Structure formats: C-alpha cells, structure tokens
Amino acid sequence: MKFRKLAAIGIISSILFTGCGGSSSSTSTSAPLKEGNLIYENSSYSIQIPKAWEVIDKTSFTSTVPPETMIGFRNNIKSDIFTANINVAQKQLRQTDSASVKDFAKSSMEISRNNLIGYQLLNEKEGKMNYGKEGLSTYYTEFEGKKSASEQIIHFKQVYIVSGATSYTVTASYLPNEDESVVTALGEMLDSFSLK
C-alpha cells in the first residue's frame, strides 16, 4: 500500500509547525461552540479550535511542510522546546491504495515506528464518526517518539479517516509534560473533527 508517505507527513508536519509563521484567518459557523472556541471549516471538513490558537494555512507553510498538509493550529503559548499543535493532512488515494481505515492506520503506524527513535505505541482503537446515514469508521492511535537522539520525546495522537478515495490524518503533538489544559484542548480538537 502507498500510505507510507502520508503517515510520515503527519509526523513531519506536527514537528515542523513549531517553527512556522502564523495566520489569523479562519471561518466560523453558527454550530454550537464550547466557550472560548471557534469552528474552522472548509468545503471538506470542520474542526473546533481555541480562539487564541494560531491558524497556520498553506500560504504560511515553509517549504519543508509536505503538500498534503492542509492546515495547522498551534498553541498561542510558545515553548522554547516544542509548541503543542495539531494539523490536518488530506490526500486523494489511488485505486490501488484502497483499504479499510484500519489498514490505512496500521500502515501509517509502521511508518511512525520506522521514523521515530524510541517509538512506543500507547493506545489504539477503532471508532465511528457521524457522517451520512451509516457514519464512517475511524482509527485512533497514541504514541511517543523523537525525531533525533538529541531532541525531546514528543507525544502524538492521531485520528485516521478514509472517505471514498480521500484519506485524512489529524495529528496532535505535544511534550509529554504539557499542561493538562492544553492536552485536553488537543483531545477536544481531535474529537471535533468532522467531514461535510
């Protein structure tokens, strides 16, 4: 399967967003919001984010951010070591890539295992997203690792979705000792991601 590139994209994008410039553009809807949040949306998906967080769109990406990365959101409280962030990668799959969301996730997990030093899988589970009459299957993973021996361990949470010929990987990343309020916000962001 050709999921290897997309899996690496999520990890690389999360790590790269620590150094990206920000953009303040966003779109909100009339959907019910948690206090202090707004809804970022485009024609394919929506996600609820804290109002204070930076929205990093494609026009602000550095050349090292993979083209499949559509958008990033970064904590407004910066860290000298690593700033918590979340990003959405979207890719059109070829017919030969067709697979279940679990296959897609497992392939992505293998890439993470091969690209991160000290990779440790902490949790994985199947889920369901409201979408149409039947809903869509999702797959959730939580793992840790570091990009190089000299860098800090980063904690990752990912949600994988496959809808028709389109795959989505939503990746949250933060330091293991991150403030609990930030970890909670990242979890709520992952949970709020929905397709249109």
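Keep in mind the model is a prediction, meaning the values are calculated, not measured.

The rules behind the values
Residues numbered from 1 in each chain as written. Predicted model: local features only at pLDDT ≥ 70, side-chain atom pairs only at ≥ 80, totals over all residues. Heavy atoms only, no water. Salt bridge = Lys/Arg side-chain N within 4 Å of Asp/Glu carboxyl O. Helix = DSSP H or I, 4+ residues; strand = E, 2+ residues; numbered from the N terminus. Buried < 20%, exposed > 50% of the residue type's maximum accessible area, 1.4 Å probe, protein only. Pairing = 2+ DSSP bridges. Phe/Tyr/Trp six-rings, centres within 6.5 Å; stacked < 30°, edge-to-face > 60°. Lys NZ or Arg CZ within 6 Å of the ring centre and 35° of its normal.

Trainee: Where do I start with the pattern of salt bridges in this structure?
Mentor: Side chains that differ in charge, positive against negative, can pair when their charged atoms come close. Scanning the model with the defined rule gives seven salt bridges in all. The shortest N-O distance in the salt bridge between lysine 106 and glutamate 124 comes to 2.7 Å. Of this pair, lysine 106 sits in helix 2 (residues 101-115) while glutamate 124 sits in strand 6 (residues 117-129), placing them 18 residues apart in sequence. Given a relative accessible area of 34%, lysine 106 falls into the partly exposed group. Bridged by salt links that share partners, the residues Glu54, Arg74 and Lys78 form one connected network.

Trainee: Just to check I follow, could you spell out the pairing of strand 5 (residues 85-92) for this structure?
Mentor: Of all eight residues in strand 5, seven are buried, a share of seventy percent or more. Across five bridges, strand 4 (residues 69-74) lies against strand 5 in antiparallel orientation. The residue of strand 5 that forms the bridge with threonine 69 is alanine 89. Alignment of strand 5 against strand 9 (residues 166-174), held across eight bridges, turns out to be antiparallel. Residue pairing across strands places valine 88 opposite valine 170, the latter belonging to strand 9.

Trainee: Can you help me understand the packing of aromatic side chains in this one?
Mentor: Aromatic ring pairs are reported here in terms of the distance separating the ring centres and the angle at which the planes meet. Applying the stated criterion across every chain yields a total of seven aromatic pairs. For the ring pair tyrosine 45 and phenylalanine 193, a centre distance of 5.2 Å and an interplane angle of 35 degrees mean the geometry is tilted. With tyrosine 45 in strand 2 (residues 45-50) and phenylalanine 193 in the loop between helix 3 (180-192) and strand 10 (194-195), this pair connects stretches of sequence that are 148 residues apart. Through successive ring pairs, a cluster of aromatic residues spans Tyr45, Tyr168 and Phe193. Above the plane of the ring of tyrosine 140 lies lysine 125, whose end atom (NZ or CZ) is 5.2 Å from the centre.

Trainee: When you look at the side chain of threonine 171 in this model, what are you seeing that I'm missing?
Mentor: As for its position among the elements, threonine 171 is in strand 9. Since its relative accessible area comes to 0%, threonine 171 is described here as buried.

Trainee: For this particular structure, what's the right way to read the environment of phenylalanine 156?
Mentor: If you trace the backbone, phenylalanine 156 turns up in strand 8 (residues 154-163). With a relative accessible area of 0%, phenylalanine 156 lands in the buried category. For the pair phenylalanine 156 and leucine 122, spaced 34 residues apart in sequence, the C-alpha to C-alpha distance is 9.6 Å.

Trainee: Can you help me understand the pairing of strand 7 (residues 136-146) in this one?
Mentor: For a regular strand, side chains alternate in direction, first toward one face of the sheet and then toward the other. Extensive coverage of strand 7 is indicated by the burial of nine of its eleven residues. For strand 6 and strand 7, the ladder comprises ten bridges, and the chain directions are antiparallel. Counted as the bridge partner of glycine 127 is threonine 138 from strand 7. Linking strand 6 back to strand 7 in an antiparallel pair, the connection comprises six residues, with glycine 132 at a positive phi of about 65 degrees. In this sheet, strand 8 lies alongside strand 7 in antiparallel orientation, the contact comprising eight bridges. Residue pairing in the sheet places glutamate 144 in a bridge with histidine 155 of strand 8.

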